[in-house]
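Fold and geometry: a report
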Amino acid sequence: MARPAANELTQRELEVMHVFWRHGGLTAADARDHLAAQGIDRAYVTVANLVRILVEKGFLEATNEERPFRYRPVRGFQEVSRNLVKELVQRVFHGSREELLVQILGQKKLTAKERALVEQILKEQEK
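Each value, and the rule that gives it
Residues numbered from 1 in each chain as written. Predicted model: local features only at pLDDT ≥ 70, side-chain atom pairs only at ≥ 80, totals over all residues. Heavy atoms only, no water. Helix = DSSP H or I, 4+ residues; strand = E, 2+ residues; numbered from the N terminus. Rg over C-alpha atoms; globule rule 2.2 N^0.38 Å. Buried < 20%, exposed > 50% of the residue type's maximum accessible area, 1.4 Å probe, protein only. Contact = heavy atoms within 4.5 Å. Areas by Shrake-Rupley, 256 points an atom, 1.4 Å probe, with all protein chains shown as cover. Lys, Arg positive; Asp, Glu negative; His and termini not counted. Charge placed at Lys NZ, Arg CZ, Asp CG, Glu CD. Axes fitted to C-alpha atoms, helices over the stretch in contact; angles between N-to-C directions. Parallel < 35°, antiparallel > 145°, perpendicular 65-115°, else oblique. Nonpolar A, V, L, I, M, F, W, Y, C, P; charged D, E, K, R; others polar. Polar contact = N/O pair within 3.5 Å; in protein donor to acceptor, adjacent residues only side chain to side chain.

Notes on the overall build of the protein
- Along the backbone of the protein there are six helices and two strands.
- Secondary structure elements of the protein, listed N to C terminal, follow the sequence α-α-α-β-β-α-α-α.
- Taking 127 residues into account, the globule formula puts the C-alpha radius of gyration at 14 Å, and the protein, at 18 Å, lies well above it.
- Taking the principal axes of the C-alpha coordinates as reference, the protein spans close to 50 × 35 × 30 Å.
- Looking at the 127 residues of the protein, the share that counts as buried comes to 24%.
- Across the protein, contacts joining residues at least 24 apart in sequence account for 49% of those joining residues at least 6 apart.
- For the protein, the exposed area adds up to about 9,200 Å²; of that, 52% sits on carbon and sulfur atoms.
- Charged side chains of the protein number 21 positive and 18 negative; the gap between the two group centres comes to 3 Å.

Here's what the structure looks like:
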């Protein structure tokens, strides 16, 4: 029975998705090689299983019908990261974006670049 599409990704699934987001269409072997280049050593069988799960969950799709299969992301980084942040706010902060902001901004002093980005976002919100 196929695994239903799910919003949740495990840490290992997310690692694989980052490779596909960065590099586009790849085989499972290509994805494994890119992970290894990042210092993430996973057996080919492990990566192939993660790719299969990501296809079943609706995050990747095969782009050809013959071996070696190539896969590409179906859901983009922006969509997935937005959903993960929404889930984090709901699960950890009981829906309070304010509490999330307090945790993020209260961790350490913002760099000048971070401060400028926050100010830019706030100005855009005022429009």
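Observations regarding the packing of helix α1 (residues 11–23) against helix α2 (residues 28–37)
- Here α1 crosses α2 at 100°, and the two axes come no closer than 10 Å. Overall, the two elements α1 and α2 adopt an arrangement that is roughly perpendicular. From α1, E15, V16, V19, F20 and H23 reach across to α2, where they touch A31, H34 and L35.
- Taken together, the residues of the contact of α1 with α2 break down into five nonpolar, two polar and one charged.

Section: the side chain of R42
- Note that R42 resides in the loop between α2 and α3 (44–57).
- Using a relative accessible area of 17% as the deciding quantity, one classes R42 as buried.
- Among the polar contacts made by the side chain of R42, one reaches the side chain of E15 at a distance of 2.9 Å.
- Once residues within four sequence positions are removed from consideration, R42 is found in contact with R12, E15, R32, L35 and V47.

Quick look at the side chain of T27
- Secondary-structure assignment places T27 in the loop between α1 and α2.
- A distance of 3.0 Å separates a polar atom in the side chain of T27 from the backbone nitrogen of D30.
- Once you skip the residues sitting within four places of it in the chain, T27 turns out to touch F20, P68, F69 and R70.

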